[in-house]
Amino acid sequence: MPPSSCAVIESYKIMGQGRITRLGVWGLILWHFLARNKVTAIDHEGFCSTTTFAYRDALGKAILFFEGQRSGKLPESQRVKWRGNSALSDGKPENVNLIGGYYDAGDNVKFGWPMAYSVSLLSWAAVEYQREISSVNQLGYLRGAIRWGTDFILRAHTSPTTLYTQVGDGNADHQCWERPEDMDTPRTLSRITSDSPGSEAAAESAAALASASIVFKKVDSIYSSRLLNHSKSLFEFADKHRGSYQASCPFYCSYSGYQDELLWAAAWLYKASEDNKYLDYVLSNQGWSQVVSEFSWDNKFAGAQMLLAKEFFGGNKQLSQFKIHVESFVCALMPGSRSVRIETTPGGLLYIRDSSNLQYVTSATMLLFLYSKTLNTAHINGLQCGSAHFSASQISAFAKSQVDYILGKNPMKMSYMAGFGSKFPLQIHHRGASIPSIGAHPAKVSCNDGYSSYYHSSNPNPNVHVGAIVGGPDSNDQFKDLRTDYSHAEPTTYMNAAFVGSVAPLLAQSEQEYLHFFQTNRQNY
């Protein structure tokens, strides 16, 4: 089966980076291949996408999405031009600087807890797949996305026992359909303190800063040290002043408690600092760990288990409980497993729950790739799930099928990433994307005007939020492209963050396939 034109184009780019020097010969091969097959596969904004999927472009778009979610004063390097400066007075009522950070989803609220989770996932991807992401020139953009989040977390951590966790009133915001540039809803502030704790939010912020400190350790050691110091302080705050975080209810309520975040943060702090006191912490509290069926903004057990299972395979056999638990999670995901299984749709998509199901798919897929990589590194031949046995390659193949489904290999024959492929959601549930930009429409769009003129409009969004992954199809693989259907049409930062960690491992595989094609077909030209 011949590769797509994008595969050829990407191989040619690889050659241009010096890996193959005979550019004249290879350029002719490229030209003849394109001419012979009469292929064109350049989509919106010049990115490639075909039925064989351009993972490089999917990664670039997934990272680009975060620039469309930015709050605050935008840098000159801003690539998403429909997004303007916004929320430039955040924190002012309490004389703190809470400018920046990310809008959570399709609304204009900054929820600190899921924002920190998004940063943790982005950092994990950067740590595990640095070479792959760097090879396609996306590492700088990824670091920029991480730093936009960590800078905000640092500003929000105003004292050892004070962390601002939300900017904006969720209820008031959801009564309006406004661009953030026009926003006149209350920018209410929420914070946690020793007297009003929220261990989930504090520990997740600690995890985000610890993981990010690894990302920046070799490129900005001073910033990395600052991140790690704040992480240690936040972890101490979360652990010593225990209390469940409920300030963001009904939008982000804690159902799993705070033990998962404490283990998750401690695991990252151990990885970042190599301080055995954090290893001792997880060992003394391993009784908290439990078998789970999701990895999400609320439940971090599977993520912590994956981090610690890697340490087990690296030689620390005291961590066997975490290995056992994450393997139960992997077994539940794999088709054909004799274990209690998580359901899939008829088209093969993991299906955890109806509302924003792709958030669970992307996070599970990220963990499947990480587990497969860990098996390969440890030279383990696979995983036994009851009577079924899965090799590392089978696990990664199933993970790949989830990425491919999201990018278009599904019964609807559409991509669930805006701006990727020839068919993708046109009415994503997103205020900024659904209303013309300030540049195109300078006049203020009020709360009610936004609803009447744009929210209920049957027209496509005027701004394609390139890279935004929506909630996805229903249990029967069906998707209605309706802006009003927030459960299926709304993007979130953590959905995209997990996708970055899901598509990055496919970059090396794609590169090897493309180069193999040229080597085996050169005699035909």
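Residues numbered from 1 in each chain as written. Predicted model: local features only at pLDDT ≥ 70, side-chain atom pairs only at ≥ 80, totals over all residues. Heavy atoms only, no water.

## Structural notes on the nonpolar core
Note the cut-off: The nonpolar core is taken to be a set of buried Ala, Val, Leu, Ile, Met, Phe, Trp, Tyr and Cys residues, with the residues joined through side-chain atoms within 4.5 Å. With a 1.4 Å probe rolled over the protein chains alone, any residue whose accessible area is under 20% of its type maximum counts as buried; one over 50% counts as exposed, and the rest are partly exposed. Per the convention used, a helix needs a DSSP run of H or I reaching at least four residues, while a strand needs a run of E reaching at least two, with both numbered from the N terminus. The contact criterion used is simple: two residues touch if any of their non-hydrogen atoms lie within 4.5 Å.
Residues Trp124, Ile146, Phe235, Phe295, Ile395, Tyr416 and Phe499 are the most contacted members of the largest nonpolar core, which totals 148 residues. Counting residues per element, this core draws most heavily on helix 8 (residues 199–216), which supplies eleven residues. Each residue touching Phe235, except ones within four places of it in the same chain, is listed here: Ala206, Leu262, Ala265, Ala266, Leu269, Tyr278 and Tyr281.

## A closer look at the sheet that holds strand 1 (residues 110–111)
For clarity, the cut-off: Pairing between strands requires that DSSP locate at least two bridges from one strand to the other. For helices, the fitted line uses only the C-alpha atoms of the stretch in contact; every axis is such a line through C-alpha atoms, and the angle between N-to-C directions lies from 0 to 180 degrees.
Pairing within the open sheet is antiparallel, and its three strands lie in the order 1-2-3. Looking at strand neighbours, the two that pair on one side only are strand 1 and strand 3 (189–193), the edges of this open sheet. Bridging between strand 2 (residues 162–167) and strand 3 involves five bridges; their strand directions are antiparallel. Each residue of the ladder has a partner; that of Val167, found in strand 3, is Leu189. Sitting on the sheet, helix 8 is in contact with strand 2 and strand 3, with an inclination near 100° to strand 2.

## Examining the environment of Leu279
The residue Leu279 is located in helix 11 (residues 276–284) in this model. Sequence separation between Leu279 and Trp268 is eleven residues, and the spatial gap between their C-alpha atoms is 9.9 Å. Leave out the neighbours within four places in its chain, and Leu279 touches Tyr270, Asn316 and Leu319.

## Brief notes about the state of the cysteines
To be explicit about the condition: For the purposes of this analysis, a disulfide is any pair of cysteine sulfur atoms at a distance within 2.5 Å.
This structure, assessed with the given rule, holds three disulfides. The partner cysteine of Cys331 in its disulfide is Cys385, sulfur to sulfur 2.0 Å. Disulfide Cys331-Cys385: torsion about the S-S bond near -85°, hence left-handed. Taken as a pair, Cys331 in helix 13 (residues 320–333) and Cys385 in strand 4 (residues 383–385) lie far apart in primary sequence, 54 residues in all. There is no split in this pair, since Cys331 and Cys385 are both buried. Along the protein, the cysteines engaged in disulfide bonds are linked according to the scheme 1-6, 2-3, 4-5 when indexed in sequence order.

## As for the pattern of salt bridges
To be explicit about the condition: Should a side-chain nitrogen of Lys or Arg be within 4 Å of a carboxyl oxygen of Asp or Glu, the pair is scored as a salt bridge.
Applying the stated criterion across every chain yields a total of 20 salt bridges. The shortest N-O distance in the salt bridge between Glu181 and Arg83 comes to 2.8 Å. Of this pair, Glu181 sits in the loop between helix 7 (170–173) and strand 3 while Arg83 sits in the loop between helix 3 (55–68) and strand 1, and the two are 98 residues apart along the sequence. For Glu132, the salt bridge identified is with Arg131, shortest N-O distance 3.8 Å. Under the relative-accessibility criterion, Arg131 is labelled exposed at 53%. Counted as one network, the salt bridges with shared partners bring together Asp90, Lys110 and Arg187.

## Topic: the packing of helix 6 (residues 139–156) against helix 8
The test is simple: Here the angle decides the label: under 35 degrees means roughly parallel, over 145 means roughly antiparallel, 65 to 115 means roughly perpendicular, and every other value means oblique. Handedness of a helix crossing follows the sense of rotation of the near helix relative to the far helix, less than a right angle counterclockwise being left-handed and clockwise being right-handed. Note on residue classes: Ala, Val, Leu, Ile, Met, Phe, Trp, Tyr, Cys and Pro are nonpolar, Asp, Glu, Lys and Arg are charged, and everything else, Gly too, is polar.
Helix 8 packs onto helix 6 with a crossing angle of 135° between their chain directions and a minimal axis gap of 10 Å. As far as their axial angle goes, helix 8 and helix 6 are oblique. You can see that helix 6 and helix 8 cross each other, and the crossing is left-handed. Counting all contacts with helix 6, which are made through Arg143, Ile146, Arg147, Thr150, Ile153 and Leu154, the residues of helix 8 involved are Ser205, Ala208, Leu209, Ala212, Val215 and Phe216. Per-class residue counts for the contact of helix 6 with helix 8 are eight nonpolar, two polar and two charged.

## Comments concerning helix 14 (residues 357–378)
To keep it simple, the criterion reads: Working rule for helices: expected span equals 1.5 Å times residues minus one.
Taking 1.5 Å per residue, 22 residues should reach 32 Å; helix 14 reaches 32 Å between its end C-alpha atoms and fits that length. Across the 22 residues of helix 14, 18 count as buried, placing the element largely inside the fold. Of the residues flanking the end of helix 14, it is His379, one or two places downstream, whose phi is positive at about 60°.

## Considerations on the packing of aromatic side chains
Between two aromatic rings, the relevant description is the distance of the centres plus the angle of the planes. Our working rule: When the centres of two rings from Phe, Tyr and Trp lie within 6.5 Å, Trp using its six-membered ring, the rings pair. Their planes under 30 degrees apart give stacked, over 60 give edge-to-face, and anything left gives tilted. Each ring is checked for a lysine NZ or an arginine CZ that lies within 6 Å of its centre and within 35 degrees of its normal; such an atom marks a charge sitting over the ring.
In the structure shown here, the tally under the stated rule is 25 aromatic pairs. Summarising the aromatic geometry, the rings of Trp124 and Trp268 are spaced 5.7 Å apart at their centres and angled 85° between planes, so their arrangement reads as edge-to-face. Note that Trp124 is positioned in helix 4 (residues 112–128) and Trp268 in helix 10 (residues 259–273), a separation of 144 residues in sequence. The exposure classification of Trp124 matches that of Trp268, with both residues buried. With centroids separated by 4.8 Å and ring planes inclined at 85°, the aromatic side chains of Tyr252 and Trp297 adopt a geometry described as edge-to-face. Note that Tyr252 is positioned in the loop between helix 9 (221–240) and helix 10 and Trp297 in the loop between helix 11 and helix 12 (301–313), a separation of 45 residues in sequence. Among the aromatic residues, those joined into a ring-pair cluster are Phe111, Trp113, Tyr117, Trp124, Tyr245, Phe251, Tyr252, Trp264, Trp268, Phe295, Trp297 and Tyr494. Above the ring of Tyr223, the side-chain terminus of Arg147 is found at 3.6 Å from the ring centroid.

## Details of unusual backbone geometry
Only a minority of non-glycine residues have a phi that is not negative, and only a minority of peptide bonds are not trans. Of note, the bond from Cys249 into Pro250 is cis; its omega dihedral lies within 30 degrees of zero at 10°. The phi torsion at Ala87 lies on the positive side, around 50°, for a residue other than glycine. Classification of Ala87 by relative accessible area gives buried; the value is 14%. In this structure, Asn95 takes a positive phi of about 55° despite not being glycine. Structurally, Asn95 can be placed in the loop between helix 3 and strand 1.

## Here's the deal with helix 13
Relative to the 20 Å expected for 14 residues at 1.5 Å per residue, helix 13 spans 20 Å between its end C-alpha atoms, a close match to the ideal helical length. The buried fraction of helix 13 amounts to ten of the 14 residues, a majority that puts the element mostly inside the structure. Of the positions making up helix 13, those classed as buried are Phe322, Lys323, His325, Val326, Glu327, Phe329, Val330, Cys331, Ala332 and Leu333.

## Quick word on the pairing of strand 2
Burial within strand 2 is extensive, with six of its six residues counted as buried. Alignment of strand 1 against strand 2, held across two bridges, turns out to be antiparallel. Bridge pairing in strand 2 places Lys110 opposite Val167.

## What about the environment of Asp239?
Here Asp239 shows up in helix 9. Residues Asp239 and Tyr258 lie 19 residues apart in sequence; the distance between their C-alpha atoms is 9.4 Å. Setting aside residues no more than four positions away along its own chain, Asp239 makes contact with Leu262 and Tyr281.

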